[in-house]
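Observations on chain architecture
Each chain is listed here by its residues.
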Amino acid sequence: MAKDLSSLQDNQIYIDEQGIIRHVLHGRQTAGTIVAMREANKPLVAKFRSEGKRVAIFIDLSEVKSTDSATRSQAKEFLGTDFDAVAVVGNRYLRPIVSYVLRITGVGTKVHYFTKATKALQWLSDPKAGSRVQSGLIERLRRISVSGWVILIVLMLVGFSAYNSWQQAQDRLDNQAQTNFDKELTSLHESLKDRVQAYIDALIGFRGLFDSSNAVEESEFTTYFSSLNTLNRYPGIETINYVRRVADAKGNDHYLVTYVGAPAKTVSKGTDRSLDPVWLATLQAARDSGQPTASHTIELATKDSRGDQAKGFVVTVPVYRHNVPGTVDQRREQLTGFVNGIFSYQNFFKAVFNSASSQNSLRVIDESRLVYGQGDQTSIDVSLTNMQPLTIAGHSWTLDSRVPVGFGLTATEQRQIRTTIASSIIVATLLLMLFWQQIRARDRTLKLADAMTEDLQNERDEAVATKSKDEAILSSIGDGVFVLDEASRIILFNRKAEQLSGYVSSEVLGKHYNEILKFGSRDDPKAQHDGFIGRALGGSQAEMAHGTILTRKDGVVLSVADSASPVFDADGKQRGVIVVFRDVTQQEQLDLAKDEFISIVSHQLRTPLTAMRLFSEMLVKKQVGPLNDKQYEYMQRIQLSTSRMIRLVGDILNVSRVELGRVRVVPEPTDINELIQSHIEELRPMADIKRVTINFTRDSRQAKVNLDPAIFGQVIHNLLANAIRYTVEGKGAVDVSFKEQASGHVLVVKDNGIGIPVDDQPHIFERFYRAENAIAVEGEGTGLGLYLVKLIIDATGGEARFETKPGKGTTFYVTIPEAGMKAKKGEKTLS
Ligand code: ADP
């Protein structure tokens, strides 16, 4: 989602896909990145990945309250996981914005701000944090895995119990169906038995007709047949007829159809049934047993509903002369005929099975041939079958009964299984979705882990590269550099430092610098003179004092110079000190040679100059004769220039003597009031010429101060002379005082003169330096006076400084230690 930032309105935060947070307030844009987030306690490190598919969000600060949960969750989704600590890189304007974003999202409380990404990355690549990354991710993966396993187990349990309850329901319903089927079969057989019995009883009834009369007329037979309403009462019986036994001449029996109950449906009277083997077998069996006997399948004279020859069977009841005789022989001998019931399979079974369930598909089989069928036998999903013999009058058919799945079950009962299955599927699907989500979460976490590992690797590589670069730069610096931590231990020691000190870094790293690096002073080589490091550790930059020396590992002494500076982190907290130093031994030697040369030259110049001044003075005073006006004027100029030259040479000589360390300092208890007063008096004529008033506030203690009067006198003289010279003629006022302060004895020389311009202030104690405004007021001057003051005061343990307001005046303060000036050996004094 590209966003035109110019459309950002006031007080809106916009976080883009790269994780750059932008904010506009009063038309000013700020931007920054949350580089890294780290959980502090339950540690996890994550990083905004520029290629990450985060959705950009846009928050209007004027509308969003910190309680706005919709925005919170939106932002939280954007930011990702909860974090206890967050690293942010950006300028200070970003801080309130980031803390706002983090507050409304609630993702982190501890925010670490870094101005440089490398610092944030260092924090991130802290080895402890690194291991925490892994452990955090592993913990997360473990949680995901555990919940994944739990879901999987629940899924299996649900599956198992669903299968179980489905199985149980199925079994129960199967049993129920079986019971229903059993009931159906029992009731079917009951009704079959009752019916068959009723039919046979009817046939036996006919036999009774013959039993009761020796000669039954046809009309009697048909009347009885009609009176029974046989065809209606006994559906399936096509007709009942009577077959008479007739013996032929050879004594063979013939069974002739004699009376016919329903003529239209039967064969014609007179048909000899003994000619039909099925009939004959049935009749003979009935004759011998004396019992009603059923035949095999026979073809009927009628057609069935499909127009085929109808099939059926006969039940024959033998009729004897006197009841049913006891033996077979008697039965054969006394047989008179048979009452036959002709049954149509179709009609008979239809009537008999009319109470059967419509779901029950029934088939009757006679000697493997299907003779009757009802119900749909092909399309039903058969669940239960039953094959049973069906015996009627001694003949057995097979009754094949089939019922469908869930036979006799109610719709609710049948739905039970479907409901069980459906609900199981729903639960299982939900669980599967959960499981799938877990798998995806795991995948994502793994990817995140990969990405983070890669990121960390890259960042570490970058950090290492940066570090190597830094180290390379430091190594190649021509000056010695070493860095101390807060505890003054050496944490970095560059190559030049190794060369200068004679130590290698492996010897010095981690050690207190004091143990290794002996910084002394040329005047006092034994003691440690490392005040500059102490001042840097105290937070301010400090130059090494003039004459600082370093004793190398091999004992050789080097003159060194440069400085120590405090090192601060992004939060402004001091982290240590960096010291830069270089070997100035050669330079010092050169300076020494030069100073010696100057010293000699100036010394040599002084004698002829003094002579020149003496002689010019004699001429001006006309001690050797008169001069004309021109000669007098020129002589005066020569005298003035010579005096100036003598002063200059004197100054140069003094400076070179102090610089060469040849001046001896012999402090003695001195009446400071008197000393100052004498210098005031010395300069009074000059002050009078310029009409400058000098006000001296005497030291009330009247104490004697331990100092070298000649040398300190030079200081007083120079400061006083400057104060007079750099005031405006006729308006000048100079205040001189000497007081006791906490820092020591202080000489204060205050004037209301021209002051020192700001640009010149840093250079005022330098050799030959003169400010422009001073040159304008006072053409004459050497620029050596203050330099000498500074040299003297530094060498004797004091301090010189000034306060000034250009155009308003200047105050010089010279402090000498409480105990007085430090003594110093030397062969010369100041001139
Ligand atoms: P000089 O006075 O010979 O020029 P100094 O070393 O005594 O040399 O002084 C150096 C410079 O410091 C002066 O040239 C002048 O610019 C400045 N300066 C010294 N003292 C004062 C003062 N009291 N008021 C204003 N400027 C001063």
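Residues numbered from 1 in each chain as written. Predicted model: local features only at pLDDT ≥ 70, side-chain atom pairs only at ≥ 80, totals over all residues. Heavy atoms only, no water.

Moving on, we get to the overall build of the protein chain. The helix and strand tally for the protein chain stands at 20 helices and 31 strands. When burial is assessed residue by residue, the protein chain has 42% of its 831 residues classed as buried. Long-range contacts, defined as pairs at least 24 residues apart, comprise 62% of the intrachain contacts of the protein chain with a sequence gap of at least 6. Roughly 43500 Å² of accessible area belongs to the protein chain as shown, and the carbon and sulfur atoms make up 53% of that amount. (Helix = DSSP H or I, 4+ residues; strand = E, 2+ residues; numbered from the N terminus. Buried < 20%, exposed > 50% of the residue type's maximum accessible area, 1.4 Å probe, protein only. Contact = heavy atoms within 4.5 Å. Areas by Shrake-Rupley, 256 points an atom, 1.4 Å probe, with all protein chains shown as cover.)

The periodicity of an α-helix, 3.6 residues per turn, causes residues three or four positions apart to be oriented the same way. Within helix 9 (residues 345-352), the full set of buried residues consists of Tyr345, Phe348, Phe349, Ala351 and Val352. The buried residues of helix 9 all sit within an arc of 160 degrees when viewed along its axis, so they share a single face. (Arc of directions from axis to C-beta.)

This part is about the site of the ligand. Taken together, 21 residues surround the ligand, and among them Asn722, Tyr726, Arg770, Thr782 and Leu786 come closest. In the environment of the ligand, a nitrogen atom lies 2.8 Å from a nitrogen or oxygen atom belonging to the side chain of aspartate 751. Between the ligand and glycine 785 there is a distance of 3.0 Å, counted from an oxygen atom to a backbone nitrogen or oxygen. In isolation the ligand exposes 530 Å². Once the protein is present, 98% of that is buried. Those elements that provide at least two residues to the shell around the ligand are helix 18 (709-725), helix 20 (785-795) and strand 31 (809-816). Among the elements that make up the shell around the ligand, the one with the highest residue count is helix 18 (3 residues). (Near = heavy atom within 4 Å. Polar contact = N/O pair within 3.5 Å; in protein donor to acceptor, adjacent residues only side chain to side chain.)

Below, the discussion takes up the confidence of the model for the protein chain. Summing up the model confidence of the protein chain, the mean pLDDT is 80 and the portion of residues at 70 or higher is 78%. Low pLDDT, under 50, characterises residues 34-68; the predicted model gives this stretch 123 contacts beyond four residues in sequence or across chains. Across residues 127-135, confidence stays below pLDDT 50; counting only partners more than four residues off in sequence or on other chains, it has 14 contacts. (pLDDT = per-residue confidence, 0-100.)

Before going further, it helps to examine the sheet that holds strand 30 (residues 799-805). Adjacent strands of a sheet pair through backbone hydrogen bonds, lying either parallel or antiparallel. Pairing within the open sheet is mixed, and its 5 strands lie in the order 26-28-29-31-30. In this open sheet, the two edge strands, each paired with only one partner strand, are strand 26 (693-697) and strand 30. Across this sheet, the average inter-strand angle for adjacent strands is 15 degrees, counted without regard to direction. Bridge analysis of strand 26 against strand 28 (residues 733-741) gives 5 bridges, and the strand direction is parallel. Bridge pairing in strand 28 links isoleucine 694 to valine 734. Running at roughly 25 degrees to strand 31, helix 20 makes contact with strand 30 and strand 31 of the sheet. (Pairing = 2+ DSSP bridges. Axes fitted to C-alpha atoms, helices over the stretch in contact; angles between N-to-C directions.)

So, about the pairing of strand 12 (residues 309-320). The element strand 12 is extensively covered by neighbouring structure, given that 10 of its 12 residues are classed as buried. In this structure, strand 10 (residues 293-294) lies alongside strand 12, joined through 2 bridges in antiparallel fashion. Its bridge partner being in strand 12, alanine 294 is matched across the sheet by valine 315. Hairpin connection from strand 11 (residues 298-303) to strand 12: 5 residues lie between these consecutive antiparallel strands, with glycine 307 at a positive phi of about 90 degrees. Pairing geometry for strand 12 and strand 13 (residues 335-344), over 9 bridges, is antiparallel. Bridging from a neighbouring strand, valine 315 pairs with glycine 341 of strand 13.

Further remarks concern the nonpolar core. Ranked by internal contacts, the top residues of the largest apolar core, which has 47 residues, are Ile676, Phe712, Val734, Val736, Leu747 and Val814. Aside from chain neighbours lying at most four places away, what touches phenylalanine 712 is Ile672, Leu675, Leu707, Phe738, Leu747, Ile793, Val814, Ile816 and Met821. With 42 residues, the next largest nonpolar core counts Tyr242, Ala262, Phe313 and Phe343 among its residues. (Core = buried A, V, L, I, M, F, W, Y, C linked by side-chain atoms within 4.5 Å.)

With that settled, consider the pattern of salt bridges. Scanning the entire structure with this criterion turns up 22 salt bridges. Residues arginine 363 and aspartate 400 are paired through a salt bridge, measuring 2.9 Å at the closest nitrogen-oxygen approach. Taken as a pair, arginine 363 in strand 14 (residues 361-366) and aspartate 400 in strand 17 (residues 395-404) lie far apart in primary sequence, 37 residues in all. What makes arginine 363 partly exposed here is its relative accessible area of 22%. When its relative accessible area of 1% is taken as the criterion, aspartate 400 is described as buried. What you see here is one network of salt bridges that share partners, running through Arg287, Asp288 and Arg332. (Salt bridge = Lys/Arg side-chain N within 4 Å of Asp/Glu carboxyl O.)

Turning our attention to unusual backbone geometry. Positive phi outside glycine occurs at asparagine 229, with the angle close to 55 degrees. Its place among the elements puts asparagine 229 in the loop between helix 5 (218-227) and helix 6 (230-233). Positive phi outside glycine occurs at serine 488, with the angle close to 65 degrees.

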